[in-house]
Amino acid sequence: MILIALLLPSIIFLGIVFGFPLLSYLWLSLHANSVLTSFRSIFNGWANWNRFIHDYRYWQDFLQTIRFSVASVGIELLLGLIIALILHRPMKFRGWIRSSSLIPWALPTTVMALGWRWIFNSPFGPIDQFTTALGAQSLNILGNPSTAWIATVYSDVWKTTPFVALILLAGLQSIPADLYEACRLEGASASSCFRRITLPLLMPYIGLAAMFRLAQAFGVFDLIQVMTGGGPASSTESIALYAYLNALRFLDFGYGATIIIGSFILLSILVASCWFFVHLFNRKRSIMITK
Amino acid sequence: MMFSRRKFSSLLVGLICLVALISTTPALVASQIETISILMPAPFADSTVKLVENFNTLYKNQIHLNVIRGPRQTESMSDLAISSLLLGDTPFDGLLMDITWLPKYARAGWLEGLDPYFDETDIADLASGAEKGNDFEGTLYRWPLVADMGLLFWRTDLMNTPPKTPSELVSISNQLQTQGKVPWGYVWQGRQYEGLSCVYLEMIDGFGGDWFDVNNQSLGLNEVPGVEAAQWLTDLIETGISPRAVTTFAEPEALRNFQSGESAFMRNWPYAWAELQKQDSPVRGKIGISTMVSLPGVEPASTLGSWGFTLLRGSNHKDAVIKAIKYLTSAEAQRVMFIEHGYTPTVKALYEDLELIQDYPHLALLSRALNNAVLRPETPIYAQISDVLQRSLSASLTGEEKPKLSMNRADRSSEQILVAAGGTPS
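Here is a short report on the structure shown in this document. (Residues numbered from 1 in each chain as written. Chains lettered and ligands numbered in written order. Predicted model: local features only at pLDDT ≥ 70, side-chain atom pairs only at ≥ 80, totals over all residues. Heavy atoms only, no water.)

**Some thoughts on the overall build of chain A**
In step 1: A count of helical and extended segments in chain A gives 13 helices and 2 strands.
In step 2: Dimensions of chain A along its principal axes, counting C-alpha atoms only, are 75 × 75 × 35 Å.
In step 3: Buried residues in chain A amount to 38% of all 291 residues.
In step 4: Look at the contacts in chain A between residues 6 or more apart in sequence, and 68% of them connect residues 24 or more apart.
In step 5: Put simply, chain A has 19 plus and 11 minus side-chain charges, and the middle of one group is 6 Å from the middle of the other. (Helix = DSSP H or I, 4+ residues; strand = E, 2+ residues; numbered from the N terminus. Buried < 20%, exposed > 50% of the residue type's maximum accessible area, 1.4 Å probe, protein only. Contact = heavy atoms within 4.5 Å. Lys, Arg positive; Asp, Glu negative; His and termini not counted. Charge placed at Lys NZ, Arg CZ, Asp CG, Glu CD.)

The following block contains the structure:
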């Protein structure tokens, strides 16, 4: 009883911050509310959902968002781990190096996205200047659907790898030094120390960083909006950008809400299945170890 | 310590008072002058600088027109305007808008009707075709500044008369290509963007169909002319009359190809004329303008693209804004815009001006195309249905889908959007 009473404030808070908007979007997704209805909500049953299911632009954006998230978070984890391991080693000016490595993350996304847009610009950006000076063709990276998304992943990796490195560095520092001592005394190689001690003990931190970053990457908006505006030919458009376009450019709030609720459901399913597989994997491994 | 802090705070208060005093003084002086502002895309803000200066001298001590220089891109411009209007705020009194925005803004209730300010004679002064696309559901909302319409450019050194029908265009192209006079027959805008919708609109109308009938809210994409238009465009690429790269062409790419003498025909807007007649242009003096091809017995169609001024409902200076709009769209102002910046006029007087025609003989051809101008669907959800069309067309042009299938799909998707957004289903 006391337990519930103590939890009540946070439950109410979560209800206001998360529950209310979700419910009102759900309500809105069952209504036509657009410039055609003069922004009045008119019940239209499953019309928004019917459109949602058949909307190939949405499904293309959904796959693109997953592609962007998986690629950028995957690379960030790998690079972040390497950087964390380097920063963890004792060296001269470690404090300075650690703080300066955080600079990309401290920059506002809009500013850095604008910077990268100019770097990738064709024909005035330095990359194009370089390739044309060598006599090669202009790369036109942001103008080509097959390369533009890679440029957005690259910029995202550049910006948020320090964040991942910071979390993993904290994780590394929480591993007791005597474990490594014992490992060395047993005569284990550095690589097996890493595999048997560092990685398993770092797993919770890797999971945490991955979760934070995935949640952010699925909702990516500012980076894409500034760098490519979703183009060329919608090849870099994300779910969040499409929802924004529907609400603010097309003035169709009913369908904008449908996209948000639909994406919420899809992502919940995705996260739940990921969690399920990780759980399954962990159980299998613990069985193997006990054997 | 205590003393110095007090001294500092009193200094701060003094400073704030000073700033407040300075900032209100001009406001007191300017209170007799009505300051109005109009948001324009950057190119128009730049080309009207002189006209605006003249206006401000003419109405010295009465009205001061302030032009807000918006973004260059049409879509960013609309986003900027919409996001401020959605908040119920009107940071500007007038807005220079593209023809396709009008139904959306009008239905959203952001625009003031212009019927009290412009009468029948004003409308009669507009060139035939320029009066289209300024009203929505019977109310006038927009007054045109410049017109733009799709044109067929052809090479006068390769043929005597331009083709009138789609099959003539194909046979002339074939002949010239086999003779080795040009590598390509016809270049146009095939990239997946708004320009493709404009190209398609001219063809579906030229085949006798209709993209969207506003009165019945019905779509004609999957009917015979709709499919034929898509098929014809796809065949141009498949038979080698248009290069495969046309699916990545917007206006500048098509112009570059045609200007370097690589093709016999091009679809483009009037601005291309000035570019093609430049001193270093390889095709200078070898260019003709015609209307788009259409089936025998069907009127040729030119997609109308134009920019015009609107008055925002929240403005407190409506009469002053109208004065500015009337000044900037007057025949004299449009003459300057045409001569100095190449913008196509919208007033009849300039097309009948013999002196101007003598200097710019292509004016008569522009007038004929404007006369055949057709509008893109006048619906508040135009942006969505155009996007659906562009995707389907692009799939068919790149050979991913048969035109019939992709047009069926475009029709169905557009229908779903109409129903979901609260439109009346057919």
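**Brief notes about the overall build of chain B**
In step 1: For chain B, the count of helices and strands is 18 helices and 15 strands.
In step 2: Taken along its principal axes, the extent of the C-alpha atoms in chain B is 95 × 55 × 55 Å.
In step 3: Expressed as a percentage of its 426 residues, the buried residues of chain B come to 54%.
In step 4: Across chain B, contacts joining residues at least 24 apart in sequence account for 75% of those joining residues at least 6 apart.
In step 5: Of the roughly 18,800 Å² of accessible surface on chain B, 54% is carried by carbon and sulfur atoms.
In step 6: A distance of 8 Å separates the average location of the 34 positive side-chain charges in chain B from that of its 48 negative side-chain charges. (Areas by Shrake-Rupley, 256 points an atom, 1.4 Å probe, with all protein chains shown as cover.)

**Thoughts on the nonpolar core**
In step 1: If you look at the biggest cluster of nonpolar residues, it comprises 129 residues, and the most contacted ones within it are B:Tyr105, B:Phe153, B:Tyr186, B:Trp188 and B:Tyr200.
In step 2: A total of 7 residues in this core trace back to one element, the largest contributor, which is helix H9 (residues 224-238) of chain B. (Core = buried A, V, L, I, M, F, W, Y, C linked by side-chain atoms within 4.5 Å.)

**What about the sheet that holds strand S14 (residues 307-311) of chain B?**
Residues and elements named next belong to chain B.
In step 1: Strand order across the open sheet formed by 5 strands is S2-S1-S3-S14-S6, with mixed pairing between neighbours. Because the sheet does not close on itself, it has two edges, and the strands there are strand S2 (63-69) and strand S6 (142-146). The mean inter-strand angle of the sheet, taken between neighbouring strand axes irrespective of direction, is 25°.
In step 2: Where S6 meets S14, 4 bridges bridge the pair, whose relative direction is antiparallel. Bridged to Pro144 within S14 is Gly308. (Pairing = 2+ DSSP bridges. Axes fitted to C-alpha atoms, helices over the stretch in contact; angles between N-to-C directions.)

**Topic: the layout of surface pockets**
Residue and element names in this part refer to chain A.
In step 1: Approximately 880 Å³ is the volume found for the second largest pocket.
In step 2: Taken together, 24 residues line the second largest pocket, and the ones lying closest to its centre are Gly207, Ala210, Leu214, Cys274 and Val278.
In step 3: Broken down by secondary-structure element, the contributors of at least two residues to the lining of the second largest pocket are helix H3 (56-88), helix H10 (190-218) and helix H13 (253-290).
In step 4: Among the elements that make up the lining of the second largest pocket, the one with the highest residue count is H10 (11 residues). (1 Å grid on protein atoms, 1.4 Å probe; cavity = no way out; pocket = protein on both sides within 12 Å on 5 of 7 lines; lining within 4 Å. Points joined across faces, edges and corners; volume = space filled by probe spheres on them.)

**Comments concerning the packing of aromatic side chains**
In step 1: Overall, the coordinates contain 28 aromatic pairs over all chains when judged by the stated rule.
In step 2: Ring centres of A:Trp116 and A:Trp158 lie 5.5 Å apart, and the angle between their planes is 75°; this geometry places the pair in the edge-to-face category. Of this pair, A:Trp116 sits in helix H6 (residues 109-120) while A:Trp158 sits in helix H8 (residues 145-173), placing them 42 residues apart in sequence.
In step 3: The exposure class of A:Trp116 is buried, given its relative accessible area of 11%.
In step 4: Among the aromatic residues, those joined into a ring-pair cluster are B:Phe44, B:Trp101, B:Tyr105, B:Trp110, B:Trp307 and B:Tyr343.
In step 5: In this structure, A:Arg51 packs its charged tip against the face of A:Tyr255, placed 3.7 Å from the ring centre.
In step 6: B:Lys326 extends its terminal NZ or CZ atom over the ring of B:Phe118, reaching a point 4.9 Å from the ring centre. (Phe/Tyr/Trp six-rings, centres within 6.5 Å; stacked < 30°, edge-to-face > 60°. Lys NZ or Arg CZ within 6 Å of the ring centre and 35° of its normal.)

**Remarks on the pattern of salt bridges**
In step 1: Scanning the entire structure with this criterion turns up 19 salt bridges over all chains.
In step 2: Between A:Arg51 and A:Asp252 there is a salt bridge, and its shortest N-O distance comes to 3.2 Å. Note that A:Arg51 is positioned in helix H2 (residues 47-54) and A:Asp252 in the loop between helix H12 (239-249) and H13, a separation of 201 residues in sequence.
In step 3: Note on A:Asp252: relative accessible area 1%, which makes it buried.
In step 4: Here B:Arg376 makes a salt bridge to B:Glu194, at a shortest N to O gap of 2.9 Å. In this pair, B:Arg376 is assigned in the loop between strand S15 (373-374) and helix H17 (382-397) and B:Glu194 in helix H8 (residues 194-206), connecting sequence segments 182 residues apart.
In step 5: What makes B:Glu194 partly exposed here is its relative accessible area of 27%.
In step 6: The network of salt bridges with shared partners includes A:Arg57, A:Glu237, B:Asp387 and B:Arg391. (Salt bridge = Lys/Arg side-chain N within 4 Å of Asp/Glu carboxyl O.)

**Focus on the packing of H8(A) against H10(A)**
Residue and element names in this part refer to chain A.
In step 1: The geometry of H8 relative to H10 is characterised by a closest axis approach of 9 Å and an angle of 140° between their N-to-C directions. When the axes of H8 and H10 are compared, the pair comes out oblique. With respect to the hand of their crossing, H8 and H10 are arranged in right-handed fashion. Listed contacts from H10 to Asp156, Thr160, Phe163, Val164, Ile167, Leu168, Gly171 and Leu172 of H8 are Thr198, Leu202, Tyr205, Ile206, Leu208, Ala209, Phe212 and Arg213.
In step 2: Looking at the contact of H8 with H10 residue by residue, the classes come out as 11 nonpolar, 3 polar and 2 charged. (Parallel < 35°, antiparallel > 145°, perpendicular 65-115°, else oblique. Left-handed = near helix turned anticlockwise from the far one by under 90°. Nonpolar A, V, L, I, M, F, W, Y, C, P; charged D, E, K, R; others polar.)

**Examining the interface of chain A and chain B**
In step 1: Listed by partner, the interface residues are 25 residues for chain A and 26 residues for chain B.
In step 2: Between chain A and chain B, a total of about 2,400 Å² is buried, with carbon and sulfur atoms accounting for 56% of that surface.
In step 3: If you sort the residues of chain A by the area they bury against chain B, A:Leu36, A:Tyr56 and A:Arg249 come out on top, with a joint share of 32%.
In step 4: Residue A:Arg249 is joined to B:Asp79 by a salt bridge in which the shortest nitrogen-to-oxygen separation is 2.7 Å.
In step 5: Inspection of the chain A/chain B interface yields 11 residue pairs in polar contact (both at pLDDT 80 or more).
In step 6: Elements represented by at least two residues in the side of chain A that touches chain B include exactly H2, H3 and H12 of chain A. (Buried area = accessible area lost by both parts, 1.4 Å probe. Polar contact = N/O pair within 3.5 Å; in protein donor to acceptor, adjacent residues only side chain to side chain.)

**Some thoughts on the sheet that holds strand S8 (residues 184-187) of chain B**
Residue and element names in this part refer to chain B.
In step 1: Taken in spatial order, the 4 strands make up an open sheet running S8-S11-S7-S12, and their pairing is mixed. Both outer strands of the open sheet, S8 and strand S12 (287-290), are each paired with one neighbouring strand and no more. In this sheet, neighbouring strand axes are inclined to one another by 20° on average, regardless of whether the strands run parallel or antiparallel.
In step 2: Here 3 bridges tie S8 to strand S11 (residues 263-268), and the two strands are oriented parallel to one another.

**Digging into the pairing of strand S7 (residues 151-155) of chain B**
All names here are of chain B.
In step 1: For S7, a buried count of 5 out of 5 residues is recorded, marking the element as mostly surrounded by other parts of the structure.
In step 2: Of the two faces of S7, both are covered, the one formed by Leu151, Phe153 and Arg155 as well as the one formed by Leu152 and Trp154.
In step 3: Bridging between S7 and S11 involves 4 bridges; their strand directions are antiparallel. Bridging across to S11, Phe153 finds its partner in Met266.
In step 4: Pairing geometry for S7 and S12, over 4 bridges, is antiparallel. Within S12, the residue paired with Phe153 across the bridge is Ile289.

**Observations concerning empty space enclosed by the protein**
In step 1: Counting across every chain of the model gives 4 cavities of 30 Å³ or more.
In step 2: Of the voids in this model, the largest cavity is the one considered here, and its volume is about 160 Å³.
In step 3: Breaking the lining of the largest cavity down by element, the ones donating at least two residues are H2, H3 and H12 of chain A together with H17 and helix H18 (403-420) of chain B.
In step 4: Of all the elements, H17(B) adds the most residues to the lining of the largest cavity, at 4 residues.
In step 5: Counted by class, the lining of the largest cavity contains 5 nonpolar, 5 polar and 5 charged residues.
In step 6: In this structure, the second largest cavity is lined by B:Ile99, B:Thr100, B:Leu102, B:Pro103, B:Gly133, B:Asp135, B:Leu304, B:Leu375, B:Arg376, B:Pro377, B:Glu378 and B:Tyr382.
In step 7: Here the lining of the second largest cavity is built from residues that sort into 7 nonpolar, 2 polar and 3 charged.

**Structural notes on the side chain of B:Ser84**
Residues and elements named next belong to chain B.
In step 1: Relative to the helices and strands, Ser84 is located in helix H4 (residues 74-86).
In step 2: Among the polar contacts made by the side chain of Ser84, one reaches the main-chain carbonyl oxygen of Leu80 at a distance of 3.2 Å.
In step 3: For Ser84, the residues in contact, after removing those within four places along its chain, are Asp89, Pro91 and Phe92.

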